[in-house]
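Spelled out from the first residue to the last, the chains are:
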Amino acid sequence: MSEIVTRKCEITYVPIQLVGSRCITTCPVRGISTSLACYKRSLGGSEPLRNVRAGVYKTTRRGDVWITYEEAQPPPKIGVTKAWKSWNSSSLEGEGRAPETVVDDNFIREFMKGTFPGVLASDVIVKRRHNIVLISCIMSCVLRPMKYYFLVGYTEELLSCLLKCPVKLEIQTVGSVYDLKFRTI
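Residues numbered from 1 in each chain as written. Predicted model: local features only at pLDDT ≥ 70, side-chain atom pairs only at ≥ 80, totals over all residues. Heavy atoms only, no water.

The name given to the chain in an unreviewed UniProt entry is MRPS24, with the source organism recorded as Mytilus edulis. What UniProt records for the chain under Subcellular location (unreviewed entry) is the sentence "Mitochondrion". As recorded by UniProt, the Sequence similarities (unreviewed entry) comment attached to the chain reads in full: "Belongs to the universal ribosomal protein uS3 family." (UniProt positions renumbered as here; feature names shortened; annotations may be inferred.)

Have a look at this one:
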């Protein structure tokens, strides 16, 4: 059983001859007949990819790139051996301020990077408990202790005024950034 169907091509309408489950088309420019598999009532799809590589660091040729323990954990380990960057309850059902919380958390991270340039040794973790914002991070011992005390007080006071809630910094210091390195890739 064969029938002639006309379908729109990029250049012009091309006659297509259906023979069973095969399509025979004729190219209008070259005049060459091609045979393609054509199924009338089927959904197209592919097998789901099992090799998920999102969020996993690629290995380098020389193996000289250091990563921390949290960076070495794959994304499915979030909540098991890896922690979230923000701890808040604004994503629960019925809670307001979800977009504002995300913007505030990103502002806090950028503010910390600008206030402590070249000193942050880890990611900034923002925790919200009731009305208090707790900011946790690890810093390297590059500055004098008095400068750290000043910058911590400055950061707490300024962020408290901007966010209109109490802000506390939980800072730990390490002697060198290489103390946090877990392995090379």
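That shown, we press on.
Engineer: Explain the pairing of strand S8 (residues 132-140) here, please?
Structural biologist: On a regular strand, each side chain points to the face opposite its neighbour's, so the side chains alternate between the two faces of the sheet. In terms of residue burial, S8 counts as a mostly covered element, since seven of its nine residues are buried. Alignment of strand S7 (residues 125-129) against S8, held across five bridges, turns out to be antiparallel. Looking at S8, one finds that Arg128 is bridged to Val133. Joining the antiparallel neighbours S7 and S8 is a turn of two residues, in which His130 adopts a positive phi near 55 degrees. With eight bridges connecting them, S8 and strand S9 (residues 167-174) associate as parallel partners. Paired with Met139 across the two strands is Thr173, which belongs to S9. Each parallel crossover has a hand, and the one from S8 via helix H3 (residues 145-163) to S9 is right-handed. (Buried < 20%, exposed > 50% of the residue type's maximum accessible area, 1.4 Å probe, protein only. Helix = DSSP H or I, 4+ residues; strand = E, 2+ residues; numbered from the N terminus. Pairing = 2+ DSSP bridges. Right-handed = clockwise from strand over helix to strand, strands pointing away.)

Engineer: Would you take a moment to explain H3 for this structure?
Structural biologist: Owing to its 3.6 residues per turn, the α-helix brings residues three or four apart onto one side. Helix length check: H3, at 19 residues, gives a terminal C-alpha distance of 27 Å against a target of 27 Å (1.5 Å per residue), a fit within 8%. Within the span of H3, buried status applies to Tyr148, Leu151, Val152, Thr155, Leu159 and Leu163. Seen along its axis, H3 keeps its buried residues to an arc of 105 degrees; they face one direction. Opposite the buried face of H3, at more than 90 degrees from it, the exposed residues are Met146, Tyr149, Phe150, Glu157 and Cys161. Where H3 is buried, its residues meet helix H2 (98-115), S8 and S9. One or two steps after H3, the chain reaches Lys164, where phi turns positive at roughly 60 degrees. (Expected span 1.5 Å × (residues − 1). Arc of directions from axis to C-beta. Contact = heavy atoms within 4.5 Å.)

Engineer: Please clarify how the packing of H2 against H3 should be interpreted in this entry.
Structural biologist: How two helices sit against one another is set out by the angle between their axes and by the gap between those axes. At a minimum axis separation of 12 Å, H2 and H3 run at an interaxial angle of 155 degrees. When the axis of H2 is compared with that of H3, the two are roughly antiparallel. Judged by the twist between their axes, the crossing of H2 over H3 is right-handed. Counting all contacts with H2, which are made through Asp104, Phe107, Ile108, Phe111, Met112 and Thr115, the residues of H3 involved are Leu151, Tyr154, Thr155, Leu158, Leu159, Leu162 and Leu163. Of the residues that constitute the contact of H2 with H3, the class distribution is ten nonpolar, two polar and one charged. (Axes fitted to C-alpha atoms, helices over the stretch in contact; angles between N-to-C directions. Parallel < 35°, antiparallel > 145°, perpendicular 65-115°, else oblique. Left-handed = near helix turned anticlockwise from the far one by under 90°. Nonpolar A, V, L, I, M, F, W, Y, C, P; charged D, E, K, R; others polar.)

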